Amino acid sequence: MGRLFLISLEGKIYSCKHCQAHLALSHDIVSKDRLCMLFAEESSSNVVVLQLVLIKTRLSFHCRHGKAYLFDKIVNVTAGSKEERMMLTGLHTVSDIFCVGCGSNIGWKYVSAHEKNQKYKEGKFVLERFKLAGPDGDRYWITHDTHLGGSDDDDS
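If you're wondering where the values come from, they're calculated on a predicted model, not measured in any experiment. (Residues numbered from 1 in each chain as written. Predicted model: local features only at pLDDT ≥ 70, side-chain atom pairs only at ≥ 80, totals over all residues. Heavy atoms only, no water.)

*Asks:* Looking at this structure, I do not really get the nonpolar core. What am I missing?
*Replies:* Grouped burial of nonpolar side chains is what soluble globular proteins tend to show. In terms of nonpolar packing, the biggest core is built from 15 residues, with Phe 71, Ile 74 and Leu 127 touching the most fellow members. Those elements giving two or more residues to this core turn out to be strand S1 (13-16), strand S2 (22-25), strand S6 (66-71), strand S8 (90-99) and strand S10 (125-128). Ignoring sequence-local partners within four residues, the contact set of Phe 71 consists of Tyr 14, Ala 24, Leu 25, Asp 28, Ile 29, Val 30, Lys 124, Phe 125 and Leu 127. (Core = buried A, V, L, I, M, F, W, Y, C linked by side-chain atoms within 4.5 Å. Buried < 20%, exposed > 50% of the residue type's maximum accessible area, 1.4 Å probe, protein only. Helix = DSSP H or I, 4+ residues; strand = E, 2+ residues; numbered from the N terminus. Contact = heavy atoms within 4.5 Å.)

In structure tokens, the structure reads:
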């Protein structure tokens, strides 16, 4: 085998917990928080007031070992073969992704979604938190409240 070249990232980094290869930056997480806009209507004395309300919501993803994060982009991975996988939110075409440093399976890539409301996942990556070292150096562990039924977000 030839020499392995790894991409080094700067900033708040998520890395492989086995070999410490850099995988992603924290600002590339899609699934942590998003802002939703709501319009609230109030009426008093024949006057209607529309208020724009911003609410912070959390998209959360889960896998066999607990929580996972959806990323826009990641580095130092290789993808396995595509397969159809039934998840909590419907049928998806995915490929498992592996750390190029040590070969560990660290998550999957959404190749395509068959449900219209799931198309936002296409081309994005899910990294299982249990298999990562966080930006603060913490290694995550399996929690007792793990979800064993599938590997998908729970906001459906």
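*Asks:* I would appreciate a short explanation of the packing of aromatic side chains in the present structure.
*Replies:* For any pair of aromatic rings, geometry is given as the distance between the ring centres together with the angle between the planes. Across all of its chains, the model carries four aromatic pairs by this definition. Where Tyr 69 meets Phe 71, the ring centres are 6.4 Å apart and the plane angle is 80°; that geometry is what we call edge-to-face. Among the residues examined, Tyr 69 registers a relative accessible area of 9% and is labelled buried. Judged by relative accessible area, Phe 71 falls into the buried class, the value being 0%. (Phe/Tyr/Trp six-rings, centres within 6.5 Å; stacked < 30°, edge-to-face > 60°.)

*Asks:* How should I be thinking about the pairing of S2 in this particular structure?
*Replies:* A regular strand places its side chains so that they alternate between the two faces of the sheet. With three bridges connecting them, S1 and S2 associate as antiparallel partners. Its bridge partner being in S2, Tyr 14 is matched across the sheet by Ala 24. With antiparallel pairing between neighbouring strands as the criterion, S1 and S2 make up a hairpin whose turn holds five residues, including Gln 20 at a positive phi of roughly 65°. (Pairing = 2+ DSSP bridges.)

*Asks:* I'm lost on the side chain of His 92 in this one. Help?
*Replies:* In this fold, His 92 is placed in strand S8. Reaching out from His 92, the side chain makes a polar contact with the backbone oxygen of Gly 90 at a distance of 2.9 Å. (Polar contact = N/O pair within 3.5 Å; in protein donor to acceptor, adjacent residues only side chain to side chain.)

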